[in-house]
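In case you want the letters, here they are:
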Amino acid sequence: MHPKTIKTIAASALLTGAIGIFYPASAHVGLEYQVAPAGSSYKASFKIGHGCAGSPTRQIAVDIPAGVQGARPMPKPGWALDVQRAKLAQPYTSHGRSVTEDVVRITWTARTPDDMLPDAHYDEFVLVATMPAQAGTVYWPVRQVCAEGRHDWTEVPQQPGQKLKAPAVALEILPSGTAAHQH
C-alpha cells in the first residue's frame, strides 16, 4: 500500500476516534473504519448501538454495494447466517477463475430470544470483502429488525451534506497507491 494512502487512512481513523470522544454515539448504524483503499480487502464492522424503541434487535441484513466483491460474513455465536447470491451482470476474475455470481446480501438472525441484542447493548456484525477498484463513496443499506419494530438504514444522499433520517452506511473508497492484489 502506498505510504500516502496509509497516512490518509490513519488520519481519518484518528479523526473518527476524536469525533467519537466529543459526540455521543449516533442513532444510526455505522462502520468502525469509514475509509478503505480502492481494490483492497476491507473488514466492515457494522456497529449496532440500540434496538427499536426499547425492543431488542433480532436480525441485521446488510446489502452488498455494487462493485464490492467476494463478501464473507463472520459468524456470531447464537446467530444464524444467510448469504444470498445473485448472477452478476459483469463477471470478474478472482484467483484465476471466472466469478459469475456473488454475494448480494448477508443476514444475521438471532436463533432464540435470549440471543437477541438488547436495546441497551452494543454489538458489531462483521464481514470482509474486496472494495471496488475506483475511488468514491459506496453505500451499504442495512435493515435492522427488532422483536417489535424495525429500522431500515437505507437512505442515500442525493446531494452533498443532505440530512437523512435513516442513512445507509457510507464508506469512502480512497485511490489506491498500487495495483497489486491484496488480501
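Our structure is the block above this text.
Just so you know, these numbers come straight off a predicted model, no measurement behind them. (Residues numbered from 1 in each chain as written. Predicted model: local features only at pLDDT ≥ 70, side-chain atom pairs only at ≥ 80, totals over all residues. Heavy atoms only, no water.)

A short note on the overall build of the protein
Reasoning step 1: A tally of regular secondary structure across the protein gives one helix and twelve strands.
Reasoning step 2: When the elements of the protein are put in sequence order from the N terminus, they spell out α-β-β-β-β-β-β-β-β-β-β-β-β.
Reasoning step 3: Considering the protein as a whole, with its 183 residues, one finds that 33% of them fall into the buried category.
Reasoning step 4: Taking the contacts inside the protein whose residues are at least 6 apart along the sequence as the reference set, 71% of them involve residues at least 24 apart.
Reasoning step 5: Working note: accessible area of the protein is about 10,600 Å², and carbon and sulfur atoms make up 56% of it. (Helix = DSSP H or I, 4+ residues; strand = E, 2+ residues; numbered from the N terminus. Buried < 20%, exposed > 50% of the residue type's maximum accessible area, 1.4 Å probe, protein only. Contact = heavy atoms within 4.5 Å. Areas by Shrake-Rupley, 256 points an atom, 1.4 Å probe, with all protein chains shown as cover.)

Overview of the state of the cysteines
Reasoning step 1: Counted under the stated rule, the structure contains one disulfide.
Reasoning step 2: Covalent S-S linkage joins Cys52 and Cys146, the inter-sulfur distance amounting to 2.0 Å. Looking down the S-S bond of the Cys52 and Cys146 bridge, the torsion is 65°, so its handedness is right-handed. Of this pair, Cys52 sits in the loop between β3 (41–48) and β4 (57–63) while Cys146 sits in strand β10 (residues 142–146), and the two are 94 residues apart along the sequence.
Reasoning step 3: A relative accessible area of 6% means that Cys52 is categorised as buried. (Disulfide = S-S within 2.5 Å.)

Some remarks on the packing of aromatic side chains
Reasoning step 1: As enumerated under the stated definition, the model contains three aromatic pairs in all.
Reasoning step 2: On the numbers, 5.1 Å between centres and 75° between planes, the contact of Trp79 with Phe125 is edge-to-face. Residue Trp79 is located in strand β6 (residues 79–94), and its partner Phe125 is located in strand β8 (residues 123–130); the two are separated by 46 residues in the primary sequence. Note on accessibility: Trp79 and Phe125 belong to one class, buried.
Reasoning step 3: Taken together, a centroid distance of 5.5 Å and an interplanar angle of 65° make the contact between Trp108 and Phe125 edge-to-face. Of this pair, Trp108 sits in strand β7 (residues 97–110) while Phe125 sits in strand β8; the two residues are 17 residues apart in sequence, bridging distant segments of the chain. Side by side, Trp108 and Phe125 carry an identical accessibility label, which is buried.
Reasoning step 4: Cluster of aromatic residues (ring-pair linked, three or more members): Trp79, Trp108 and Phe125.
Reasoning step 5: Taking the ring centre of Phe125 as reference, the NZ or CZ of Lys76 above it sits at 4.8 Å. (Phe/Tyr/Trp six-rings, centres within 6.5 Å; stacked < 30°, edge-to-face > 60°. Lys NZ or Arg CZ within 6 Å of the ring centre and 35° of its normal.)

Comments concerning the sheet that holds β10
Sheet strands pair via backbone hydrogen bonds, and the direction of the pair is either parallel or antiparallel.
Reasoning step 1: Pairing within the open sheet is antiparallel, and its five strands lie in the order β6-β7-β4-β10-β11. Two strands lie at the open edges of the sheet, namely β6 and β11 (150–153), each paired on one side alone. Strand-to-strand, the axes of this sheet are offset by a mean angle of 15°, without reference to chain direction.
Reasoning step 2: Bridge analysis of β4 against β7 gives five bridges, and the strand direction is antiparallel. Across the sheet, Val62 pairs through a bridge with Ile106, a residue of β7. (Pairing = 2+ DSSP bridges. Axes fitted to C-alpha atoms, helices over the stretch in contact; angles between N-to-C directions.)

Description of the pairing of β11
Remember that side chains alternate between the two faces of the sheet whenever the strand is regular.
Reasoning step 1: The pairing of β10 with β11 spans four bridges and is antiparallel. The residue bridging Val145 from the neighbouring strand is Arg150, located in β11.
Reasoning step 2: Hairpin connection from β10 to β11: three residues lie between these consecutive antiparallel strands, with Gly149 at a positive phi of about 95°.

Considering the pattern of salt bridges
Reasoning step 1: Throughout the structure, instances matching the rule amount to five salt bridges.
Reasoning step 2: The salt bridge involving Asp123 is made with Lys76; its shortest N-O contact spans 3.0 Å. Of this pair, Asp123 sits in strand β8 while Lys76 is found in the loop between β5 (69–73) and β6, placing the two residues 47 residues apart along the sequence.
Reasoning step 3: Looking at Lys76, the relative accessible area reads 15%, which means it is buried. (Salt bridge = Lys/Arg side-chain N within 4 Å of Asp/Glu carboxyl O.)

Observations regarding the sheet that holds strand β9 (residues 136–140)
Reasoning step 1: A sheet is described by the order of its strands in space; here three strands give the open sequence β2-β12-β9, paired in mixed fashion. Both outer strands of the open sheet, β2 (35–37) and β9, are each paired with one neighbouring strand and no more. The average undirected angle you get between the axes of adjacent strands in this sheet is 30°.

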